[in-house]
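# Report on the structure
Residue strings, one per chain:
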Amino acid sequence: MHPFGLIALLQFLWEHEIPSLFVLVALGLLLSVVFLCYRNQTCQDAPATLPHFTLSHIASFMKQRHDFLAWGFKVTNQRLFQFRLLRNNVVVVSGEQGRKDFFNAKGLDIHEAFAILTGDLPLLYGVTTERRRQLVAKMYKRLSNVQRNERLTDLIPEVLNDCRRHLQSWEKAGSLDPFEKIYELTFQATVRCLTCTEIADEPKLVARCKQLFEQVERGITPATVLFPWFPSPSMVMRARATKQLYDIIVNTMKVRKQSGVPRNDTLQIFLDSEDELATVMGFMMGFVTAGSRTTGTSASWLFIYLGCHPKWRHEARAEVKKLITSHSLETVSECNSNSPPRDSSSTALSSIPLSAWENETPVLDTLIREAIRLSQAYVASRRNIGPDMYIDGKVIPTGALVVYPVADVHLDPTLYPDPWKFDPARPQPKCNLTYLGWGGGRTTCIGSRLARLNIKLIAALLLVDFDFDTVDVSGRIVDSPPKPNWNDPVTCRPAQGQVFLKYKRLDNPEPPSS
């Protein structure tokens, strides 16, 4: 058994769902014996198969994914390898050719892979799978509507006002956990952009939705992924939280329809298009969860890195001030006079046009790109829904789950020397598919425009109104940022209590750097 397999397996057995897991593991042991009997019946072009015990592979993949995949490449000494995730065959891909084949393959479906790895109930090919594709296509269309120029322009002051309201609750100086407080800002922004006014205007309701979304997320466990039909405690918790979110959205839709008063928000887009409830729920459940988490993680790590690098913090602040002086009637000094109106900074930033946010922020663009490279530890996942295909000369059978860890490229020292170092000024690789922060090939992040804008708005408001340093648990300023934990694919959060932001309001901010 590989070094961390036993530890991961013990966690798999004992955490959270002790009674149901003993039943599940017993079934898993039986199934693993079956798989072990035939897993070596592979063709000559098949990827190498991992050695050792199948259940330890499952536990490690679910609990320590980054380390497990790195171990798999090392122990097989191959660019591709495979293992069993009980009923699913998993093929892991690396290398330049594998990366190109993976991201450009026509037969690989991201949504079918997502369903497997989040524990959705199995679907019937040709019936329910086609239904899913239709719903996804419609949701993508609505997200494109949200990201039109006119809608994004309307959202800029709304997001900034929401952030200002949150920041008013902060003390003049203090210390905060960025994975909580910065995430609160990004969650509020995501709710504002992707749901409706009735929810976004009510802080208590936003907080309740945040709690429910987190319960849904926590409900994705090894047990729910491996046995999606089994009513485990996590599955029940997830279903209950989903039902409560469903009730909130349905009640809001009912009130809106009864009032007859339209609103300029995403819900109104669905109502005007007469979309069915399944589309509305799928959109808000899927995109709010994905948008808030990825944006929240990226923004949290961005501020951790800025708190450790005064040079980049000053350059980013200077860029924001330049935007204000170029596009707003209010100057930076007016925004931060001795007795300013509380909303002066958000008002000034709201005057900056969308085109400027997207085209006149090279420093912020560079900082966000580097923060994402280091903090998004995702493993790109697809399922082969077509006939057998080849990736880097190895056969990928129909139905196989195919995964590509972005660590293969984002932490590659030949592409990014000293890859764990936060260095926005580093030369960028010129080849295709060497940066995957927003996806690549045939599948890119459809919400990237909205995500970038939200990160910039939140960063700009904090940079104008606050100064901050990254500190450890004892309050000492750290010389270098902590290393992201890539075994935590959601936030890459370091050890609990390891990093905080020590902040203070800028009553008399420094002038822009020359």
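This text gives an overview of the structure that appears in the document. (Residues numbered from 1 in each chain as written. Predicted model: local features only at pLDDT ≥ 70, side-chain atom pairs only at ≥ 80, totals over all residues. Heavy atoms only, no water.)

## Some remarks on the overall build of the protein chain
Basically, it comes down to this: Secondary structure is summarised from DSSP: a helix means a run of H or I of at least four residues, a strand means a run of E of at least two, and numbering begins at the N terminus for each. Burial status follows relative accessibility: with a 1.4 Å probe on protein chains alone, a residue under 20% of its type maximum counts as buried, one over 50% as exposed, and anything between as partly exposed. Two residues form a contact once any of their heavy atoms are found within 4.5 Å. Every accessible area reported is derived by Shrake-Rupley at a probe size of 1.4 Å, with residue values counting cover from the shown protein chains alone.
When helices and strands are counted, the protein chain shows 22 helices and 13 strands. Each of the 514 residues in the protein chain was classed as buried or not, and the buried ones make up 54%. Pairs at least 24 residues apart make up 76% of the contacts formed inside the protein chain by residues separated by at least 6 positions. Taken as a whole, the protein chain presents about 22,700 Å² of accessible surface, with 56% of it coming from carbon and sulfur.

## Things to note about empty space enclosed by the protein
Worth spelling out the cut-off: The definitions used throughout rest on a 1 Å grid laid over the protein atoms alone, on which a cavity is an enclosed set of points accommodating a 1.4 Å probe that cannot get out and a pocket is an open set flanked by protein within 12 Å on both sides along at least five of seven lines; lining residues are those having an atom within 4 Å of a point. Grid points are joined across faces, edges and corners, and a volume is the space filled by probe spheres set on the points. Each residue is assigned to one class: nonpolar for Ala, Val, Leu, Ile, Met, Phe, Trp, Tyr, Cys and Pro, charged for Asp, Glu, Lys and Arg, and polar for all the others, Gly among them.
Taken as a whole and assessed by the stated rule, the structure comprises seven cavities of 30 Å³ or more. In this structure, the largest cavity encloses a volume near 70 Å³. Sorting elements by how many residues they give to the lining of the largest cavity places helix H13 (residues 233-259) first, with three residues. Residues of the lining of the largest cavity, tallied by class, amount to nine nonpolar, one polar and no charged.

## Description of the pairing of strand S13 (residues 500-505)
The condition that has to hold: One requirement defines pairing of two strands: DSSP has to find at least two bridges between them.
Only one face of S13 is buried, namely the one carrying Leu501, Tyr503 and Arg505, since none of Phe500, Lys502 and Lys504 on the opposite face is buried. Where strand S5 (residues 173-176) lies against S13, four bridges are found, and the strand directions are antiparallel. Within S13, the position partnered with Ala173 by the bridge is Lys504. Of the strand pairs in this sheet, strand S12 (residues 466-471) and S13 are connected by six bridges, and their pairing is antiparallel. Paired with Asp467 across the bridge in S13 is Lys504.

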